[in-house]
Amino acid sequence: MASANWGLCKDCEWWQTEPEAKISNSTMGLCSEEDLQPFLLRVSGNSGCTQYSPGEPARAAGSSAAPPAV
């Protein structure tokens, strides 16, 4: 069964990407959701999960690095 809270990272307030990055399906960024922060989860804009919270993605230098710089 699909979750009502599921959504794409590129439309989520927990997704953090580079300051000048264009938001797209292939843009890489860091998931900053509180429970997932310890994992330094690097995801694309086309990724999604059940921790989705609609909003404008955050911007911070190093967010798309592998591993993400925090």
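Below: a short report on this structure. (Residues numbered from 1 in each chain as written. Predicted model: local features only at pLDDT ≥ 70, side-chain atom pairs only at ≥ 80, totals over all residues. Heavy atoms only, no water.)

### Description of the environment of L36
Part 1 of the argument: In this fold, L36 is placed in the loop between strand 3 (28-31) and strand 4 (42-44).
Part 2 of the argument: On the basis of relative accessibility, which here comes to 22%, the residue L36 falls in the partly exposed class.
Part 3 of the argument: With 14 residues separating them in the primary sequence, L36 and K22 have C-alpha atoms 24 Å apart.
Part 4 of the argument: In this view, L36 contacts C31, L41 and Q51; residues no more than four positions away in its chain are not counted. (Helix = DSSP H or I, 4+ residues; strand = E, 2+ residues; numbered from the N terminus. Buried < 20%, exposed > 50% of the residue type's maximum accessible area, 1.4 Å probe, protein only. Contact = heavy atoms within 4.5 Å.)

### Focus: the environment of C49
Part 1 of the argument: Following the sequence through the fold, C49 ends up in strand 5 (residues 48-49).
Part 2 of the argument: Assessed through its relative accessible area of 28%, C49 is described here as partly exposed.
Part 3 of the argument: Placed 11 residues apart in sequence, C49 and A60 show a C-alpha to C-alpha distance of 21 Å.
Part 4 of the argument: For C49, the contacting residues outside a window of four places in its chain are N5, W6 and G7.

### Let's talk about unusual backbone geometry
Part 1 of the argument: The linkage connecting A66 with the following residue, P67, adopts the cis geometry, with an omega of 0°.
Part 2 of the argument: Among the structural elements, P67 can be located in the segment after strand 6 (58-59).
Part 3 of the argument: Despite not being glycine, L40 has its phi angle at roughly 45°, a positive value.
Part 4 of the argument: Within the fold, L40 resides in the loop between strand 3 and strand 4.

### Considering the state of the cysteines
Part 1 of the argument: Under the counting rule described, the total for this entry stands at zero disulfides.
Part 2 of the argument: For C31, which is in no disulfide, the shortest distance to another cysteine sulfur is to C49 and amounts to 5.7 Å.
Part 3 of the argument: A residue is classified by how much of its surface remains accessible, and C31, at 10% relative accessible area, is buried. (Disulfide = S-S within 2.5 Å.)

### Digging into the pairing of strand 3
Part 1 of the argument: Taken together, the two bridges between strand 2 (residues 15-17) and strand 3 define a ladder with antiparallel strand orientation. Its bridge partner being in strand 3, Q16 is matched across the sheet by L30. (Pairing = 2+ DSSP bridges.)

### Topic: the sheet that holds strand 3
Two strands in a sheet stick together by hydrogen bonds in their backbones, pointing the same way (parallel) or opposite ways (antiparallel).
Part 1 of the argument: Taken together, the four strands give an open sheet; going across it, the order is 4-3-2-6, and neighbouring strands pair in mixed fashion. Two strands close off the open sheet at either side, each with one partner strand: strand 4 and strand 6.

The quantities given are spatial measurements derived from coordinates; they are silent on function.
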